[in-house]
Amino acid sequence: MADRLAGVRLAPYTTLRMGGPAGAFVEARSESEIVETVAEADRDGEPVLILGGGSNLVVSDEGFDGLVVRAASTGVEITGDGRVTVQAGEDWDALVARCVAEELAGVECLSGIPGLVGSTPIQNVGAYGQDVSQTITGVRVYDRMTGEIADLTAAQCGFAYRHSAFKEDPGRHVVLAVTYALTRSGLSGPIAYKELAARLGVKIGDRVPLDQAREAVLALRRGKGMVLDPLDPDTRSAGSFFTNPVLDAAAAADLELRAPGYPRWDMPDGAVKVPAAWLIENAGFPKGYEKGRVRISTKHTLALTNPTGEAGAAELMALAREVRDGVREKFGVTLVNEPVMVGIALDR
Ligand SMILES: Cc1cc2nc3c(=O)[nH]c(=O)nc-3n(C[C@H](O)[C@H](O)[C@H](O)COP(=O)(O)OP(=O)(O)OC[C@H]3O[C@@H](n4cnc5c(N)ncnc54)[C@H](O)[C@@H]3O)c2cc1C
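Residues numbered from 1 in each chain as written. Predicted model: local features only at pLDDT ≥ 70, side-chain atom pairs only at ≥ 80, totals over all residues. Heavy atoms only, no water.

Q: Mind laying out the pairing of strand 5 (residues 64-71), listing which residues take part and the relevant values?
A: On a regular strand, each side chain points to the face opposite its neighbour's, so the side chains alternate between the two faces of the sheet. Among the 8 residues of strand 5, 7 are classified as buried, and the element is accordingly described as predominantly covered. Sheet topology note: the strand 2 (residues 22-28)/strand 5 ladder contains 6 bridges and is parallel. Within strand 5, the residue paired with alanine 28 across the bridge is alanine 71. Relative to strand 5, strand 3 (residues 48-51) runs parallel, the two sharing 4 bridges. In the sheet register, leucine 51 faces strand 5, and the bridge partner there is arginine 70. (Buried < 20%, exposed > 50% of the residue type's maximum accessible area, 1.4 Å probe, protein only. Helix = DSSP H or I, 4+ residues; strand = E, 2+ residues; numbered from the N terminus. Pairing = 2+ DSSP bridges.)

What follows is the structure, given as structure tokens:
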């Protein structure tokens, strides 16, 4: 059984550099260590937080009064037909780099996203026209409700935009491994994102060599402070803090009255997705907007940052509420946070 450490501060384990101490902290280095550690805590009635790379977490300044289990299991298996099965604790971007090098297509546009493999199904990680629901065929989990290990199909994962069945039932499933069905090809999937196509100098739907797709995505992301870099204070964030709101027809019509001609993506089911960044900027919160020691990234309106690493989560939430309230007042749209909150909430 892995060692239990007491009093470990969580801030260094999160990309926002925020979060007080854990009641206890365990680094679990294999599937069996993860399962045994979580099962024992559940038997003892001890609250559990599974920690990956801490890049999608806002942890309160009071910390987490329970057991934090860092999923640190390793192992990658690649079959001849391009199926890649990866243990939860593997670094996501290192996996993408390897897939690109080994001419396995399907995740190249997800280059540069921080965090670990086990977290990718939780919010159906996505960027630049790809998301993991396009390639995941199975997720191996420990189900804390039944106490069993289960191999879930993609359909059972209930993937949607930045959402999955795992988010519906938070904490129930511990992801142990993920299988992605990739295509053996030196060319990317059809480029589906306008900004990426423009950077590559190709048309939507064209394919490009995998390494070119990866380099173009990394360059675009760096320009927005979206690749972790200790030298870039704009990357001390949890990525996009707000999701792009999806409005039904009535809400979309209401927004049209308040903001005629607002930018929108029409969804196949009649709903309308609106860029949260546009709403935030047009509600009076430009890039670099500061509140004490926290600020909106100077490169990307959706990222709230802790540039010096010294601010607390309470300060960040005050800025988040100010932005959410300003957007609601101007546009009647309520923004929702993307990162997972621990011991803290946007709604008080
Ligand atoms: C600079 C930056 C850029 C980003 N860009 C993007 C982007 O382009 N697209 C995107 O989708 N996201 C993006 N993100 C968000 C983040 O990187 C992803 O959500 C990532 O998948 C989180 O992984 P993690 O290992 O850091 O998860 P953590 O932050 O450690 O955890 C996130 C949640 O998943 C749970 N969890 C973690 N591991 C497991 C497991 N094995 N089993 C069960 N639950 C688990 C945690 O309990 C928590 O609820 C970005 C973040 C940053 C900081």
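There's plenty left to go through after this.
Q: Give me the state of the cysteines: which residues, what numbers.
A: Tallying each qualifying case throughout the model produces 0 disulfides. Here cysteine 157 stays free of any disulfide, with the sulfur of cysteine 99 as its closest cysteine sulfur at 18 Å. (Disulfide = S-S within 2.5 Å.)

Q: Quick rundown of the environment of leucine 302? Include the residues and the values.
A: Of note, leucine 302 is situated in the loop between strand 19 (294-296) and strand 20 (304-305). You can call leucine 302 buried: its relative accessible area is 8%. Separated by 298 residues in sequence, leucine 302 and arginine 4 place their C-alpha atoms 37 Å apart. Once you skip the residues sitting within four places of it in the chain, leucine 302 turns out to touch Gly239, Ser240, Phe241, Phe242, Asn244, Ala276, Ala277 and Ile280. (Contact = heavy atoms within 4.5 Å.)

Q: Describe the site of the ligand, with residues and values.
A: Near the ligand you find 33 residues, and of these Ile50, Ser55, Asn56, Ser119 and Gln123 are the closest. Here proline 114 contributes a backbone N or O atom positioned 3.0 Å from an oxygen atom of the ligand. Contact with the protein chains hides 93% of the accessible area of the ligand, taken as 980 Å² for the molecule alone. Elements with a contribution of two residues or more to the shell around the ligand: strand 3, strand 9 (126-127) and strand 13 (173-181). In the shell around the ligand, the residues fall into 16 nonpolar, 14 polar and 3 charged. (Near = heavy atom within 4 Å. Polar contact = N/O pair within 3.5 Å; in protein donor to acceptor, adjacent residues only side chain to side chain. Areas by Shrake-Rupley, 256 points an atom, 1.4 Å probe, with all protein chains shown as cover. Nonpolar A, V, L, I, M, F, W, Y, C, P; charged D, E, K, R; others polar.)

Q: With reference to specific residues and values, describe unusual backbone geometry.
A: Within the chain, arginine 17 stands out as a residue other than glycine whose phi angle is a positive 60°. Relative to the helices and strands, arginine 17 resides in the loop between strand 1 (4-5) and strand 2. The exposure class of arginine 17 is partly exposed, given its relative accessible area of 39%. With phi around 50°, arginine 162 is a residue other than glycine that occupies positive phi space. The topology assignment puts arginine 162 in the loop between strand 12 (148-153) and helix 3 (165-168).

Q: Help me get a handle on the packing of aromatic side chains, residues and values and all.
A: For the structure on display, the rule yields 6 aromatic pairs. Taken together, a centroid distance of 5.2 Å and an interplanar angle of 70° make the contact between tyrosine 128 and tyrosine 193 edge-to-face. Here tyrosine 193 lies in the loop between strand 14 (183-184) and helix 4 (194-200) and tyrosine 128 lies in the loop between strand 9 and strand 10 (130-131), a separation of 65 residues in the sequence. By relative accessible area, tyrosine 193 is classed as partly exposed at 34%. Aromatic side chains phenylalanine 241 and phenylalanine 242 sit 5.1 Å apart centroid to centroid with 75° between the ring planes, which places their arrangement in the edge-to-face category. Judged by relative accessible area, phenylalanine 242 falls into the buried class, the value being 1%. Sitting over the ring of tyrosine 161, lysine 273 keeps its end group 3.7 Å from the ring centre. Taking the ring centre of tryptophan 265 as reference, the NZ or CZ of lysine 273 above it sits at 5.8 Å. (Phe/Tyr/Trp six-rings, centres within 6.5 Å; stacked < 30°, edge-to-face > 60°. Lys NZ or Arg CZ within 6 Å of the ring centre and 35° of its normal.)

Q: So, the sheet that holds strand 7 (residues 83-87): which residues are in play, and what are the values?
A: Strand order in the open sheet formed by 5 strands is 6-7-13-11-12, with antiparallel pairing between adjacent strands. Strands with a single pairing partner mark the edges of an open sheet, and in this sheet they are strand 6 (76-78) and strand 12. Averaged over all neighbouring strand pairs, the angle between strand axes comes to 15°, with direction disregarded. Note: strand 11 (residues 136-143) against strand 12, 6 bridges, orientation antiparallel. If you follow glycine 138 over to strand 12, its bridge partner there is threonine 153. Strands in contact with helix 1 (residues 31-43) are strand 7, strand 11, strand 12 and strand 13; relative to strand 13, the strand with the most contacts, it is inclined by about 150°. Across the sheet, helix 2 (residues 92-101) touches strand 6, strand 7 and strand 13, and the angle it forms with strand 6 is around 25°. (Axes fitted to C-alpha atoms, helices over the stretch in contact; angles between N-to-C directions.)

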